[in-house]
Amino acid sequence: MTSEIILQYFPDLSAEQREQFEKLPALYEHWNSQINVISRKDIDLLFERHVLHSLGIAKVMAFLPGENVLDVGTGGGFPGIPLAILFPETQFHLVDSIGKKIKVVTEVAVALGLRNVKASHLRAEQIADKFDFVVSRAVTQLKDFYPWVKGKFNKQSNNKLPNGILYLKGGDLEKEIKESGLKVTQYHLKDYFKEEFFETKQVIYVKG
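Cut-offs and rules
Residues numbered from 1 in each chain as written. Predicted model: local features only at pLDDT ≥ 70, side-chain atom pairs only at ≥ 80, totals over all residues. Heavy atoms only, no water. UniProt positions renumbered as here; feature names shortened; annotations may be inferred. Phe/Tyr/Trp six-rings, centres within 6.5 Å; stacked < 30°, edge-to-face > 60°. Helix = DSSP H or I, 4+ residues; strand = E, 2+ residues; numbered from the N terminus. Buried < 20%, exposed > 50% of the residue type's maximum accessible area, 1.4 Å probe, protein only. Lys NZ or Arg CZ within 6 Å of the ring centre and 35° of its normal. Axes fitted to C-alpha atoms, helices over the stretch in contact; angles between N-to-C directions. Left-handed = near helix turned anticlockwise from the far one by under 90°. Contact = heavy atoms within 4.5 Å. Salt bridge = Lys/Arg side-chain N within 4 Å of Asp/Glu carboxyl O. Parallel < 35°, antiparallel > 145°, perpendicular 65-115°, else oblique. Nonpolar A, V, L, I, M, F, W, Y, C, P; charged D, E, K, R; others polar.

Per an unreviewed UniProt entry, the protein chain is named Ribosomal RNA small subunit methyltransferase G, and its organism is Mucilaginibacter gossypii. For the protein chain, the Subcellular location (unreviewed entry) comment in UniProt is given as "Cytoplasm".

Take a look at the structure:
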């Protein structure tokens, strides 16, 4: 599967953005052979299961120039790296508690020439900065995730949704949402992407 799938859903990419997306498979194959950040079976489906999945957040929210976004538990750089390619004037801070994963993120960002990405070997709780949005991909249950980032949001909101969390999750989330006690808005990715993989995938929004 090639980056054509990205162009299908995001047709307005610049030549530089297209080139950056095109470079992702070779970069992740190279780093994955040294530090396993993506399951072996998924590397062939990188664009669908990792890149396009990450960009599901962009279907819900277009980040603005100058906004600051924190990616918690980024792993090999998802959703942060694809979002940073798509929104080059938005600042992204990618954090993970596993140092070797952050090494991959740093190397990929440098190879792509992404000047809007900062990567840190940290837990979310250790970050003192404030952000407009927090993104993440199925790191843990919502009730456990929310306390990590509570209080890390800028007071001033400029986007169509107030500052908050945009969390990629899959499956039946009714119990998890109920247990969290949070007021949640659910966006179903099958409304945006036709591939079967997205049938049960959602972006969960929680106001910060």
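All right, on to the packing of aromatic side chains then. Tallied over the full model, the rule gives 9 aromatic pairs. Aromatic pair Phe 145 and Trp 148: ring centres 5.8 Å apart, planes at 55°, arrangement tilted. One end of the pair, Phe 145, and the other, Trp 148, are both in helix α6 (residues 142-149), 3 residues apart, so they sit about a helical turn from each other. Here Phe 145 falls in the buried class, since its relative accessible area comes to 0%. Within the aromatic cluster, the residues linked to one another by ring pairs are Tyr 9, Phe 193, Phe 197 and Phe 198. The positively charged end of Lys 59 is found above the aromatic ring belonging to Phe 10, 4.5 Å away from the centroid. Directly above the ring of Phe 197 sits Lys 201, whose terminal nitrogen or CZ lies 4.3 Å from the centroid.

What follows deals with the packing of helix α2 (residues 15-34) against helix α5 (residues 99-112). Closest axis-to-axis distance for the α2/α5 pair is 10 Å, and the angle between their directions is 145°. Crossing handedness for the pair α2 and α5: right-handed. Only Lys 103, Val 104, Glu 107, Val 108, Ala 111 and Leu 112 of α5 make contact with α2, whose side of the interface consists of Gln 20, Lys 23, Leu 24, Leu 27, Tyr 28 and Trp 31.

Scanning the entire structure with this criterion turns up 7 salt bridges. In this structure, the salt-bridge partner of Lys 23 is Glu 19, at a minimum N-O distance of 3.7 Å. Taken as a pair, Lys 23 and Glu 19 lie in helix α2 at a separation of 4 residues, close to a single helical turn. Residue Lys 175 pairs with Glu 179 through a salt bridge whose shortest N-O separation is 3.2 Å. One end of the pair, Lys 175, and the other, Glu 179, are both in helix α7 (residues 174-180), 4 residues apart, so they sit about a helical turn from each other.

Further remarks concern the packing of α2 against helix α3 (residues 46-60). Interhelical geometry of α2 versus α3 gives an angle of 125° and a closest axis separation of 11 Å. Between α2 and α3, the interaxial angle falls into the category oblique. Every pair of crossing elements has a handedness; the one defined by α2 and α3 is right-handed. Residues Phe 21, Leu 24, Pro 25 and Tyr 28 of α2 pack against Leu 46, Phe 47, Val 51 and Leu 55 of α3. When its residues are assigned to classes, the contact of α2 with α3 shows 8 nonpolar, no polar and no charged.

Attention now goes to unusual backbone geometry. For the bond from Phe 78 to Pro 79, the omega torsion is 10°, close enough to zero to count as cis. Looking at where Pro 79 falls in the secondary structure, it is placed in the loop between β1 (68-72) and α4 (80-86). For Ala 138, which is not glycine, the phi torsion reads 45° and is therefore positive. Residue placement: Ala 138 occurs in the loop between β4 (133-137) and α6.

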